[in-house]
Amino acid sequence: MYRIIILAMLIFVGTSNAEVLTGELKGKVYDTDNKPLKYVKVTLTEPGISVITDDKGEYSFKEIPYGLYNILISKTGYVSKNQLIEVKEALMNLNYQLESSLIETSIIDVTSSFEAQDISQSTFSLSTLNLKTLTQERSHNLSTTIENIPGVNSISTGIGIGKPVIRGLSSNSVLIVHDGVKHESQQWGDEHSPEVSLYDLDRIEILRGPASLLYGSEGIGGVVNIISKPLQFSGTGKNLIYGDVDLGGFSVNNEGTGNVMLGLGLKNVGFKGHLGYRKSGDVSTPDGTLLVNTLNPLIKDTINGGMLSNSGANEIEGGVSLGYRGSFGYLDAGFETFDREIQMHDADPLATGNQKLNTKQFELSGNFKLSKKYHLETILSYQIHGRKEFETIEDKDLNNPNLNWKLNTFQGDLRLHNDLNKYLSGTFGISLTNMVNQSLGIEKLIPNFNSTSFGIYGFEKYNMNKFTFSAGLRYDFKKDNIESTIMETDSVGNITKQINPRSIDFSAFSGSFGIVFRPNDMVDIFSNVGRGWRAPSEFELYVDGVHEGTNRVERGIITQNPDASPIPESSLNIDLGIRTRFKNINAEVSLFNNVVNDFIYPSPTNEVDPVSGLPIFNVKQDKSTFRGLEYSFQYQPVSYLLLSLNGDYVFTNNKANGSPLPFTPPMKNIIELRFQKQQIGDIYNPYFKLSAKIVSGQNNVDPFETTTDGYTIFNAGIGMDVIFAKTVASIDLSADNLADTKYVDHLSRFKSFAMNPGRSFNLKVTVPFQF
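Residues numbered from 1 in each chain as written. Predicted model: local features only at pLDDT ≥ 70, side-chain atom pairs only at ≥ 80, totals over all residues. Heavy atoms only, no water.

J.: Give me a nonpolar patch on the surface: which residues, what numbers.
T.: Taken together, the side chains of Val638, Tyr640, Phe675, Phe688, Leu690, Phe714, Ile718, Ile731, Leu733, Leu738, Phe761 and Leu763 present a nonpolar region at the surface, about 1,000 Å² in accessible area. When residues of the nonpolar patch are traced back to their parent elements, those giving at least two are β43 (683-695), β44 (711-724), β45 (727-736) and β46 (760-770). Structurally, Leu733 can be placed in strand β45. On the basis of relative accessibility, which here comes to 42%, the residue Leu733 falls in the partly exposed class. (Patch = residues over 30% accessible without salt bridge, like charges linked within 9 Å, V, L, I, M, F, W, Y side chains within 5 Å. Areas by Shrake-Rupley, 256 points an atom, 1.4 Å probe, with all protein chains shown as cover. Salt bridge = Lys/Arg side-chain N within 4 Å of Asp/Glu carboxyl O. Helix = DSSP H or I, 4+ residues; strand = E, 2+ residues; numbered from the N terminus. Buried < 20%, exposed > 50% of the residue type's maximum accessible area, 1.4 Å probe, protein only.)

J.: Can you tell me about the sheet that holds strand β17 (residues 222-228), naming the residues and giving the values?
T.: The five strands lie next to each other as β11-β16-β17-β14-β15, forming an open sheet whose pairing is mixed. At either end of the open sheet lies a strand with only one pairing partner, and these are β11 (125-129) and β15 (181-182). Inspection of the sheet shows strand β16 (residues 201-208) paired to β17 by seven bridges, in the antiparallel sense. Within β17, the position partnered with Leu207 by the bridge is Val223. (Pairing = 2+ DSSP bridges.)

J.: Which residues make up the packing of aromatic side chains, and what values go with them?
T.: For the coordinates displayed, the defined rule picks out 14 aromatic pairs. The interplanar angle of 35° and the centroid separation of 6.4 Å between the aromatic rings of Tyr631 and Phe633 together place this pair among those described as tilted. Judged by relative accessible area, which is 10%, Tyr631 ranks as buried. Looking at Phe633, the relative accessible area reads 34%, which means it is partly exposed. Among the aromatic residues, ring-to-ring pairing joins Tyr324, Phe328 and Phe368 into one connected group. Over the ring of Tyr687 we find Arg674; its NZ or CZ atom is 4.3 Å from the centre of that ring. Its guanidinium or amino end placed over the ring of Phe663, Lys751 lies 5.4 Å from that ring's centre, counting from NZ or CZ. (Phe/Tyr/Trp six-rings, centres within 6.5 Å; stacked < 30°, edge-to-face > 60°. Lys NZ or Arg CZ within 6 Å of the ring centre and 35° of its normal.)

J.: Let's hear about unusual backbone geometry: which residues, and what values?
T.: Although it is not a glycine, Leu445 adopts a positive phi angle of roughly 65°. In this structure, Leu445 sits in the loop between β28 (424-439) and β29 (449-463).

J.: Give me the lowdown on the sheet that holds strand β2 (residues 41-44), citing residues and values where you can.
T.: If you trace the four strands from one edge of the open sheet to the other, you get β3-β2-β5-β6, paired in antiparallel fashion. In the strand order of this sheet, the two ends are held by β3 (49-52) and β6 (81-87), each with one partner. Adjacent strand axes in the sheet meet at a mean angle of 25°, parallel and antiparallel pairs treated alike. Sheet analysis places strand β5 (residues 67-74) next to β6, joined by seven bridges and oriented antiparallel. For Leu68, the partnering residue across the bridge sits in β6 and is Glu86. (Axes fitted to C-alpha atoms, helices over the stretch in contact; angles between N-to-C directions.)

J.: So what about the side chain of Asn463? Which residues, and what values?
T.: Tracing the chain through its elements places Asn463 in strand β29. Given the relative accessible area of 14%, Asn463 is considered buried. A polar contact of 2.5 Å, which involves the side chain of Asn463, links it to the side chain of Thr468. With sequence-adjacent residues up to four places away left out, Asn463 is seen in contact with Gln121, Lys422, Tyr423, Thr468 and Arg518. (Polar contact = N/O pair within 3.5 Å; in protein donor to acceptor, adjacent residues only side chain to side chain. Contact = heavy atoms within 4.5 Å.)

J.: Tell me what's going on with the pattern of salt bridges, and back it up with residues and numbers.
T.: Applying the stated criterion across every chain yields a total of 35 salt bridges. Between Glu137 and Lys689 there is a salt bridge, and its shortest N-O distance comes to 3.1 Å. With Glu137 in helix α2 (residues 131-137) and Lys689 in strand β43, the pair connects residues that are 552 residues apart, well separated along the chain. Note that Asp648 and Lys668 form a salt bridge whose closest N and O atoms lie 2.5 Å from each other. On the criterion of sequence distance, the pair formed by Asp648 in strand β40 (residues 641-654) and Lys668 in strand β41 (residues 668-676) is long-range, its members being 20 residues apart.

J.: Which residues make up the environment of Lys360, and what values do they have?
T.: You can see Lys360 is positioned in strand β25 (residues 354-369). Since its relative accessible area comes to 28%, Lys360 is described here as partly exposed. Not counting residues up to four positions away in its chain, the partners in contact with Lys360 are Phe335, Glu336, Thr337, Tyr382, Gln383 and Ile384. Here the side chain of Lys360 touches Asn358 through a polar contact of 3.0 Å, side chain to side chain.

J.: Kindly report on the nonpolar core, identifying the contributing residues and their values.
T.: Judged by nonpolar contacts, the single largest core of 25 residues is most densely connected at Leu25, Leu44, Tyr59, Ile71 and Ile85. Secondary-structure elements contributing two or more residues to this core are β1 (22-30), β2, β4 (58-65), β5, β6 and β18 (240-250). Not counting residues within four places of it along the chain, the set of residues in contact with Leu25 comprises Leu44, Tyr59, Ser60, Phe61, Ile71, Ile85, Met92 and Leu94. One finds Leu403, Ile446, Ile504 and Ile557 within the second-largest nonpolar core, a separate group that totals 24 residues. (Core = buried A, V, L, I, M, F, W, Y, C linked by side-chain atoms within 4.5 Å.)

J.: Residue-level account of the pairing of β5, with values.
T.: In terms of burial, β5 is a largely internal element, seven of the eight residues being buried. By the bridge criterion, four bridges tie β2 to β5 in an arrangement that is antiparallel. Its bridge partner being in β5, Lys41 is matched across the sheet by Ser74. The hairpin turn running from β5 into β6, its antiparallel successor, is six residues long, and Gly77 in that turn takes a positive phi close to 90°.

J.: Account for the side chain of Arg387, with residues named and values stated.
T.: Assignment of secondary structure puts Arg387 in strand β26 (residues 374-390). A distance of 3.1 Å separates polar atoms of two side chains, one belonging to Arg387 and the other to Gln355.

J.: Explain the confidence of the model for the protein to me, and be specific about the residues and the numbers.
T.: Scored by pLDDT, the protein has a mean of 89; 95% of the residues are at 70 or more. For residues 1-18, every residue scores under 50 in pLDDT, and the model assigns this stretch 24 contacts once sequence neighbours within four places are set aside. (pLDDT = per-residue confidence, 0-100.)

Pasting the structure below:
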């Protein structure tokens, strides 16, 4: 670990003195009538720098090192453009013309190859929430923000906690990556939500399918890649002061949220910081009663609507970033903190269980031009995560947690990127991760451990006129050192349960091969065959006891059989899809088949723990299959109207008993009607939208899982942009569950005793500024 840090520091020092030629890139952006377009965002994706066109439609980048870059041109209400350019002269002029359109589509992809590429070259199934859409769709947590993307769902524990589900897989099978760093925060728990801020973000990319080649273990289901807004620098010789203010509110739980970001850009130095706060009260569900299914198909239970007691939350988040840009490349340092207190609603209205969470992340990253064809990227991070779970509010006041974990994680990545020519490019790299966990609570659930993972990988892409080929191979090794841990003692302190030290090794090869065929500029046909893997988590190996967060007793693989030799999950996934980009219609359809050997899952035993009265779940491994499809269609019949249909379906099968796997998402379809104009007076992009989310009933369930009925909820929204301080501010008002429909979602962990949230009126205001 320390050798990688020393090596990276030497690289930082050595490359900063390298002489690299630089050039200036400037130009204009027009519409189809050759009128200049102002407030267009122009981004050089690789260094992560962007500018906004002025009143004359002009933009400029100075001191850009010679080399290949993706330049992205985007403005709300217009078709975004991406072009691979080569900076090779002291002064280059590039002009662009944008065509008006309401159709939104992914243009750039950095998740599937580490390097930015045009989406038409990607062999993976991907979706993107851009900045404008993210501003409108930002919800209570990460999972509910992205759950309407095709292929993505959310396992919810009320409004405050959500876990992303991609193609039927969740928890440790879905990676959360934030600015190149894997997010580690005890993600094995159903009620352990990713602890990342939804502010100061540029976009969120979703990769569906195995990503072990790129990110190592735990990428079997897919990746949620969260990308922050880049630092800004001054290209005029004057200091640049910029930032934004975000305010929001949700009536369903009296939630108020806000964030302030402030940045300073000099010629070579950039700085920014942001601070956010979120507070919510108890969640409101529709009044009245609702009949829900039980394990006995002849019997239904009645659940009551109204306020969900003990379901509020408080959240404070913030971060600072400092960066230096020069002819050598760039060097960035950052710090993020996320503090959250969550009340845990329970079937018992008098229960006051709660969680207290804290995550801090330090990151040092750099990208250095070694030559015209090679550049070196380094990412070093250190995460400190604390999680406390209290049975009562009194325990919290006394700081007497029932469960208490401290997890420290170091990650280091060293990547050598190559652009050998305009056809061939790729990445070779090594990664190292070290995790140290301490279980300090009254109950342990998992032992103390110290694990180290190492990976080496290579990925290359060959791009031709009508074809793109990609291939890669990776080897990973993980050593899990389980430390001696006292799990239980009796009333006088005698040890009644103890885990002895043990070392467990896991290793695996993963890889992928993909192809894209482009019969013309408007159609991509893509396919990918990938192998993923995932080592069992310490929780899945050793859990033994009551887990208050899930309201069940859980027993791990080694808990059930101390002599067991756990086997990593391994998957073989096949993707086949098509993307089309016609003038008035846009479509994407993806089919997948993912076979996971030794799939790890909690299986209900139909037994009840005699002490706690909770159901007992055993962690098991069996061969399982996940197959299905995702689709997205957008049609613009006239300039002011957009019709869209998004949906997905996933089928799961447990080979051990021939039954579906627990928490298999039901089929969903989202139909939306959107009216939008480019400009009315001084108002830009005014819109009105109405949507219906249609979710099918889920009758294909595990034998010990209840079925759920289908439901339809209606949502509406209205908003506009206005010019403020030479930037574009936005105001968005929306209503969720407009008809106050009574329903329970199949992936809700409250589905047996509480309805999903009722009608909510939401307001979001974003005011950027720049001086």
